[in-house]
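Chain by chain, the residues:
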Amino acid sequence: MLKKSFLLFSLLFLFITILKCQTYNIVIKGGHVIDAKNNINGIMDVAVNDGKIALVAKNIDARQGRQVVDAKGKYVTPGLIDMHEHVFAGTEPDHYLSNGLDALPPDGFTFRVGVTTVVDCGGAGWKSFPTFKKNIIDHSYTRVLSFLNIVGEGMRGGAYEQDANDMNSKLSANAARQYKDYIVGFKVAHYEAAEWTPVDRAVEAGKLADIPVIVDFGGDDTHPPLSIEDLFFKHLRPGDIYTHTFTELDRRDPIVDLKSRQLKPFVKDAQKKGIIFDVGYGGGSFDFRQALPAIKAGFFPNTMSTDLHTGSMNAAMKDMLNVMSTFVAMGMDVPAVIKAGTWAPAQAIKHEELGNLSVGAVADIAVLNMRQGDFGLWDRMGYKVNAKQNFECEMTIRGGKIVYDLNGIATPIVLTDAKASGH
Ligand SMILES: [Zn+2]
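Bear in mind the structure is a predicted one, so any value in this text is a computation, not a measurement. (Residues numbered from 1 in each chain as written. Predicted model: local features only at pLDDT ≥ 70, side-chain atom pairs only at ≥ 80, totals over all residues. Heavy atoms only, no water.)

**Points about the domain arrangement of the protein chain**
Interface size, as often reported, equals the accessible area lost upon joining of the parts. What counts, and what does not: Domain borders in the structure are assigned automatically or taken from a domain database. In this analysis, two residues are considered to be in contact whenever any of their non-hydrogen atoms come within 4.5 Å of each other. Summed over both partners, the accessible surface that disappears when two parts come together, traced with a 1.4 Å probe, is what is meant by buried area. By definition, a salt bridge exists where a carboxyl oxygen of Asp or Glu is found within 4 Å of a side-chain nitrogen of Lys or Arg. The definition of a polar contact used here is a pair of N or O atoms within 3.5 Å, where within protein one atom must be able to donate a hydrogen and the other to accept one, and adjacent residues in sequence count solely through side-chain atom pairs. Numbering of helices and strands runs from the N terminus; a helix is a DSSP stretch of H or I covering at least four residues, while a strand is a stretch of E covering at least two.
One can read the domain layout of the protein chain as domain 1 (22–77 + 362–411) and domain 2 (78–348). Each side of the interface is counted separately: domain 1 has 32 residues, and domain 2 has 39 residues. Together domain 1 and domain 2 conceal approximately 2,900 Å² of surface at their shared face, both sides included; 67% is due to carbon and sulfur atoms. The tally of links between domain 1 and domain 2 comes to 2 salt bridges. There are 11 residue pairs in polar contact (both at pLDDT 80 or more) connecting domain 1 and domain 2. Those elements giving two or more residues to the side of domain 1 that touches domain 2 turn out to be β1 (24–35), β5 (75–78), β13 (365–378), β14 (384–398) and β15 (401–405).

**Description of unusual backbone geometry**
Just so we agree on the cut-off: Note on classification: 1.4 Å probe, protein chains only; a residue is buried when its accessible area is under 20% of the maximum for its type, exposed when over 50%, partly exposed between these limits.
In this structure, the amide linkage connecting Thr411 to the following residue, Pro412, adopts the cis form with an omega of -10°. Mapped onto the elements of the fold, Pro412 is located in the segment after β16 (410–411). Of note, Asn39 is a non-glycine position whose phi angle comes to about 55°, a positive value. Relative to the assigned elements, Asn39 resides in the loop between β1 and β2 (40–49). Taking relative accessible area as the criterion, Asn39 reaches 72% and is therefore assigned exposed. Phi at Arg261 is positive, roughly 55°, even though this residue is not glycine. With respect to the helices, strands and loops of the structure, Arg261 is situated in the loop between β11 (241–242) and α6 (266–273). By relative accessible area, which is 29% here, Arg261 ends up partly exposed.

**A word on helix α3 (residues 169–178)**
Rules: In this context, the arc is that of the directions from the helix axis out to the C-beta atoms.
Those residues of α3 lying buried are Ser169, Ser172, Ala173, Ala175 and Ala176. Taken down its axis, α3 places every buried residue within 160° of arc, on the same side. What points out from α3, more than 90 degrees from its buried face, is the exposed set Lys170 and Gln178. Contacts from the buried residues of α3 go to β8 (143–149), β9 (183–188) and α4 (197–209).

**Section: the sheet that holds β11**
Test applied: Here the rule is simple: two strands pair whenever DSSP picks up at least two bridges between them. Here, axes are lines fitted to C-alpha atoms. For helices the fit covers the stretch in contact, and angles between N-to-C directions go from 0 to 180 degrees.
Taking strand neighbours across the sheet as the criterion, the 7 strands line up as β6-β7-β8-β9-β10-β11-β12 in an open arrangement whose pairing is parallel. Pairing within the sheet leaves two strands with one partner each, and these edge strands are β6 (80–85) and β12 (276–277). Here 3 bridges tie β9 to strand β10 (residues 213–215), and the two strands are oriented parallel to one another. If you follow Val188 over to β10, its bridge partner there is Val215. Against the sheet, α3 touches β8 and β9, its axis set at about 155° to β9.

**Some details on the packing of helix α5 (residues 228–235) against α6**
The line we're drawing: Angular relationships are summarised with four words: roughly parallel below 35 degrees, roughly antiparallel beyond 145, roughly perpendicular across 65 to 115, and oblique for the angles in between. Each crossing gets its hand from how the near helix is turned against the far one by less than a right angle, where anticlockwise is left-handed and clockwise is right-handed. All amino acids are sorted into three groups, where Ala, Val, Leu, Ile, Met, Phe, Trp, Tyr, Cys and Pro are nonpolar, Asp, Glu, Lys and Arg are charged, and the leftover types, Gly among them, are polar.
Running from N to C, α5 and α6 point in directions that differ by 25°, and their axes come no closer than 10 Å. As summarised for this structure, α5 and α6 are arranged roughly parallel, according to the angle between their axes. α5 and α6 meet at a crossing whose hand is left-handed. Contact with α5, carried on its side by Ile228, Glu229, Phe232 and Phe233, involves Phe266, Asp269, Ala270 and Lys273 of α6 and no other residues of that element. For the contact of α5 with α6, the class distribution of residues is 5 nonpolar, no polar and 3 charged.

Below you can see the structure in the form of structure tokens.
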């Protein structure tokens, strides 16, 4: 009996010793790390422990990891931040992107493309935010934040979004303060009258709550459209965000002049002033006729984003990686594209604890392949760009747990059941 317990004790001791040697939950070996905040762009190992980044170094012993990820030949980046999505999914009829059927539940569309944080872009207003939090934010393993719509009812479509009486700066700012962990700014969208009221009310709320405004400029009947030059220089503040940058819809004043096909000279000045230019690709808001001349003129967007909803994901846009691949194909270099999908949006939404791999930061990580081959990237007008490379998500880690592993590159393969992990 004594012998048996001694044996058990020895085994236990041995087991604890082995566990002690394994300092980290995960060691990611040999990947090409791109971390804009920390100026890292090279082959490095990354160790994760207790949900946080524990170490980024040239050579971390694989034996120190309980799980080891072989990332040779792949990019290792902070988890992607898509700051323009529509995830206030629901079943209410005629509710468009606010608890309606056109919005999508985040977890089904994020981890498989390296995204760990999304900002819902105006789905909820101050009246509907509690429902959004209860139904979506609290039940998603993806980190979900919100640009609160300046319309109290949120993005319900139709007459709701045209009601200037429901654009209350004070009540919107109050909600932003009450839910400051989730609300990162205010959204203006779809307003049809050629008036500045929605923009100015949102900026007023932004001043009260000290957060930025994101503008989807004009509505279907805004003819002629209001001037973007006035928007950038007379109405928005440095740090405010212009989404749908590369749109060529007749309801919006475009950044590239329609006759000369040249970038309008004030656009770079606006970016210098501090206006953040966001892609917001969407169903109809990205056009190569705008993007190619802009990039040729040396103008690059600050932030990548999808404008994900049922209308965009099965059209030209598809997902965050397709949007990023489109900019690589147009000549934006890979580290700049990664920065625009990680550190730049983290700064834009004033959540600088995200979008980087600093030691102690939350371990949200994407492992990406750059596939080589023949790829076609096209826009809503049918213009097609042939590409030789395309991003693909190999693995996503959220809060230190592997939540997506395309080819089983972790050893041993242990996938976190996000729903069972008690987050
Ligand atoms: Zn949108």
